[in-house]
2 protein chains.
Amino acid sequence: MGSKPGADDLSLRALLRLEPGAPVDLAAHPPDAMPGFEGGKQRGIDETAALGKELATLQERLYAASSAGDRRRVLLVLQGMDTSGKGGTVKHVVGHFNPAGCRIRAFKTPTPEERGHHFLWRVGNVLPGAGEIGIFDRSHYEDVLVVRVHGLVPRSVWSRRFDEINAWERALADDGVAFVKVFLHIGFEEQRRRLLARLDRPHKHWKFSPSDIAERELWPGYQRAYAEALTRCSTEAAPWYLVPANRKWYRNWAVSRLLFEQLRELDPQYPAGDFDVARSRARLLAE
Amino acid sequence: MGSKPGADDLSLRALLRLEPGAPVDLAAHPPDAMPGFEGGKQRGIDETAALGKELATLQERLYAASSAGDRRRVLLVLQGMDTSGKGGTVKHVVGHFNPAGCRIRAFKTPTPEERGHHFLWRVGNVLPGAGEIGIFDRSHYEDVLVVRVHGLVPRSVWSRRFDEINAWERALADDGVAFVKVFLHIGFEEQRRRLLARLDRPHKHWKFSPSDIAERELWPGYQRAYAEALTRCSTEAAPWYLVPANRKWYRNWAVSRLLFEQLRELDPQYPAGDFDVARSRARLLAE
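Residues numbered from 1 in each chain as written. Chains lettered and ligands numbered in written order. Predicted model: local features only at pLDDT ≥ 70, side-chain atom pairs only at ≥ 80, totals over all residues. Heavy atoms only, no water.

Named according to an unreviewed UniProt entry, chain A is Polyphosphate kinase 2 family protein originating from Streptomyces litchfieldiae.

Rendered as structure tokens:
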């Protein structure tokens, strides 16, 4: 399953976890690194495919367990700069799972109704239920990122949100939500390449807006905002993982592996049927 | 793309459509037939995979078009007896698409809140938005099926629902919803085999309940209820398609093909970017 001898013992979570309480310095994390992986692209793709089979079974077990009262569920939170691959990761990860058991939500600019509520309201409305896997493409963290960088609310408001997020996530974790919060870390040059690639393909122009360039000019502010959010909100209850994301295949492998390790730790079990199998078989055959 | 010479001209929709106004006789439709297809299982699987690539592109075009104001969206409605493969079809069909653009919902026994509303309320709440593909595993049709067979509301109530459904679907179709309503038609013996298969595998016991057998004993009543629903609610605005579903690979091919024909007819277009590409490229390179 893993990428090198003894890889069953690999804990990618331990390698990628941003330690609670430790200041995060994004510049110290090369975005083209491949922590926990040895080998090249084809090997990564093959191992991700193998992980996919394990993930499908673990998801079915999680879903099956919920039918017998197990309330546990998983929430994958994806954050990262524009073009960091949040959408591509959603597509790839869900490809492993039965989509009927996934609750996928991409968060965009809040609607007027959403702005009329506390910032955790809109994410709270679409959490995964028991046995489900929730996947957030952007999340409540936008309220300490884009909101901060653009000065949409005063510092006094966004600065109290770190504690509010931590309290909220802690309560959910205590209630059975297993958080897998992933920061997709790409480099400034890689973003340039990806934006240029969109310009090169007319069929991708709909994904591009000149405002993407304006956002890019705020790169240093975003990096500062991310560093503080990751520092303040990587907790024991809901840690952040930093996934170097310049290489798409490594990103897919790493997120799949993080989910695999999380689900393996949950170790959900198929419930035993509480009915008489022989009697049901006889009834079915008798009709 | 199709299954025989000239298959590009194949209209599976024309073959499987239940003609509006014509009485439906389910006994006249063999559940192991393969309308529109010639060849065997492997060919069916290969052609479905090829259709998948077309579907992915068409979905992206539908989603892209919505970013420029195209409000059209698709709603796949799946109905069928227990074990007819609704869940398997969802999983297979979504596998073709980017799941982020799909809105999947499985409808179960209504909650007290749902029962406190008109029966179209809960489905109306989770319709696909512009550019999305909605997928319903069961639907508002349960309110003229299980509700009727079990006598949960008086005939005077369920019998008026056919017209209510038709008016509602017609309004949505006029507003840009392309309905693909599919009845997965399996046989009584095939259902027996599938239920027995669940009993044979302990890991499938959680999917089984003795109440499944009780439901099966109501088979004739369900077939009558389905026949009337399909007769009354196959309309020009939102026709029903009958897909013989004893063969899973044919079912997957047929539903994929129906979606392909529908999306091809919609023919959504990538919007042209409304920005100066050369200028954006220059700005990106200058930074």
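1. Let's talk about the overall build of chain A
Heads up, the rule is: To qualify as a helix, a DSSP run of H or I must reach at least 4 residues; to qualify as a strand, a run of E must reach at least 2; elements of each kind are numbered from the N terminus. What the globule rule says is 2.2 Å times the number of residues to the power 0.38, and the radius of gyration is computed from C-alpha atoms. Throughout, a contact is declared for two residues whenever any of their heavy atoms are within 4.5 Å. All accessible areas in this document rest on Shrake-Rupley with a 1.4 Å probe, and a residue is counted as covered only by the protein chains that are shown. In this tally Asp and Glu are treated as negative and Lys and Arg as positive; neither His nor the chain ends contributes. Where a charge sits is defined by one atom per residue type, namely NZ (Lys), CZ (Arg), CG (Asp) or CD (Glu).
Across its full length, chain A carries 12 helices and five strands. In summary, chain A has a C-alpha radius of gyration of 21 Å against a globular reference of 19 Å for 287 residues, a match within 12%. In terms of overall dimensions, chain A has C-alpha extents of about 70 × 45 × 40 Å along its principal axes. Within chain A, contacts between residues at least 6 apart in sequence are counted, and of these 83% link residues at least 24 apart. Per element, the accessible surface of chain A, about 12400 Å² overall, is 51% carbon and sulfur. A gap of 4 Å separates the mean positions of the 42 positive and 37 negative side-chain charges of chain A.

2. Overview of the UniProt feature "domain: Polyphosphate kinase-2-related" (unreviewed entry) in chain A
Rules: UniProt positions are given in the numbering used here, feature names are shortened, and annotations may be inferred rather than shown by experiment.
Look at the UniProt record and you will see "domain: Polyphosphate kinase-2-related" (unreviewed entry) annotated at residues 43–267 of chain A. Helix makes up 54% of residues 43–267 of chain A and strand makes up 14%, while its end C-alpha atoms are separated by 27 Å.

3. Overview of the relation of the copies chain B and chain A
Short version of the rule: Least-squares fitting of one copy onto the other uses the C-alpha atoms of those residues that reach a pLDDT of at least 70 in both copies.
The transformation that overlays chain B on chain A combines an axial shift of 0.0 Å with a rotation of 180 degrees, and the residual RMSD is 0.0 Å. Each copy turns onto its partner about a two-fold axis. By C-alpha distance to the rotation axis, the residue of chain B lying nearest is B:Gly95, at 3.3 Å. When the interface residues of chain B are mapped onto chain A, 100% of them again lie at the interface, so the same face is used by both copies.

4. Quick word on the sheet that holds strand β2 (residues 102–106) of chain A
All names here are of chain A. In plain terms, the rule: Only strands that DSSP links by at least two bridges are regarded as paired with each other. Here, axes are lines fitted to C-alpha atoms. For helices the fit covers the stretch in contact, and angles between N-to-C directions go from 0 to 180 degrees.
Pairing is parallel across the open sheet formed by five strands, whose spatial order is β2-β3-β1-β4-β5. The two strands at the open ends of the sheet, each matched to only one other strand, are β2 and β5 (240–244). Ignoring which end each strand starts from, the neighbouring axes of this sheet average 20 degrees apart. Of the pairings in the sheet, the one linking strand β1 (residues 73–80) to strand β4 (residues 177–185) comprises eight bridges and is parallel in character. The residue bridging Val74 from the neighbouring strand is Ala178, located in β4.

5. Here's the deal with the interface of chain B and chain A
Here is the rule: A quick way to say it: buried area is the sum, across both parts, of accessible area lost when two parts are put together, with a 1.4 Å probe. Take a side-chain nitrogen of Lys or Arg and a carboxyl oxygen of Asp or Glu: if they are within 4 Å of each other, that pair is a salt bridge. Polar contacts, as used here, are pairs of N or O atoms within 3.5 Å; protein pairs need one atom able to donate a hydrogen and one able to accept it. Residues neighboring in sequence count only if both atoms are side-chain atoms. Following the grouping adopted for this structure description, the nonpolar residues are Ala, Val, Leu, Ile, Met, Phe, Trp, Tyr, Cys and Pro, the charged ones are Asp, Glu, Lys and Arg, and the polar ones are all others, Gly among them.
Every contact between the two is made by 42 residues of chain B and, on the other side, 42 residues of chain A. Roughly 4000 Å² of surface becomes buried between chain B and chain A when both sides are summed, with 65% attributable to carbon and sulfur atoms. Looking only at chain B, the three residues that lose the most surface to chain A are B:Trp206, B:Leu284 and B:Glu287, adding up to 19% of its buried area. Counting across the chain B and chain A interface gives six salt bridges. Here B:Lys204 ties to A:Glu60 by a salt bridge, and the two come within 3.6 Å at their closest N and O atoms. Counting every contact that joins chain B to chain A gives six residue pairs in polar contact (both at pLDDT 80 or more). Every element with two or more residues in the side of chain B that touches chain A is listed here: α2 (41–66), α3 (86–96), β2 (102–106), α8 (188–200), α9 (210–216) and α12 (277–286) of chain B. Residue composition of the side of chain B that touches chain A, grouped by class: 22 nonpolar, six polar and 14 charged.

6. Concerning the pattern of salt bridges
Residue and element names in this part refer to chain A. Filter applied, for reference: Burial classification: accessible surface area is computed with a 1.4 Å probe over protein chains only, and a residue below 20% of its type maximum counts as buried, one above 50% as exposed, and the rest as partly exposed.
Summed over all chains, the structure comprises 54 salt bridges over all chains. For Asp175, the salt bridge is made with Arg73, and the minimal N-O distance between the two is 2.9 Å. In this pair, Asp175 is assigned in the loop between α7 (155–174) and β4 and Arg73 in strand β1, connecting sequence segments 102 residues apart. By relative accessible area, which is 32% here, Asp175 ends up partly exposed. Residues joined in a network through salt bridges with shared partners are Arg13, Arg257, Glu261 and Glu265.

7. Brief notes about the packing of aromatic side chains
So the rule is basically this: Each pair of aromatic rings taken from Phe, Tyr and Trp, with Trp reduced to its six-membered ring, is defined by centres within 6.5 Å and is described as stacked if the planes are under 30 degrees apart, edge-to-face if over 60, and tilted in the remaining cases.
Within this structure, the stated rule accounts for 22 aromatic pairs over all chains. Ring centres of A:Phe183 and A:Tyr226 lie 4.6 Å apart, and the angle between their planes is 40 degrees; on these two criteria the pair is classed as tilted. Of the two residues, A:Phe183 sits in strand β4 while A:Tyr226 sits in helix α10 (residues 219–233), which places them 43 residues apart along the sequence. A residue is classified by how much of its surface remains accessible, and A:Tyr226, at 4% relative accessible area, is buried. With centroids separated by 4.9 Å and ring planes inclined at 85 degrees, the aromatic side chains of B:Phe107 and B:Phe136 adopt a geometry described as edge-to-face.

8. Focus: the pairing of β5(A)
Residue and element names in this part refer to chain A. Extensive coverage of β5 is indicated by the burial of five of its five residues. Burial of β5 is two-sided: the residues Trp240, Leu242 and Pro244 facing one way and the residues Tyr241 and Val243 facing the other way are all buried. The pairing of β4 with β5 spans five bridges and is parallel. Considered in β5, the bridge of Leu184 is made with Val243.

9. What to know about the environment of A:Thr48
Residue and element names in this part refer to chain A. Here Thr48 lies in helix α2 (residues 41–66). Separated by 75 residues in the primary sequence, Thr48 and Val123 place their C-alpha atoms 29 Å from one another. Those residues in contact with Thr48 that lie beyond four places of it in its chain are His92, His96, Trp249, Asn252, Trp253 and Ser256. A polar atom in the side chain of Thr48 sits 2.7 Å from the backbone oxygen of Gly44.

10. Describing α8(B)
So the rule is basically this: Multiplying 1.5 Å by the helix residue count minus one yields the expected span of that helix.
Spanning 13 residues, α8(B) covers 19 Å between terminal C-alpha atoms, matching the ideal 18 Å at 1.5 Å per step. Every buried residue belonging to α8(B) is among B:Glu190, B:Gln191, B:Arg192, B:Arg194, B:Leu195, B:Leu196 and B:Leu199, and all of these are buried. As for α8(B), its buried residues are in contact with α12 (277–286) of chain A together with α9, α10 (219–233) and α11 (248–266) of chain B.

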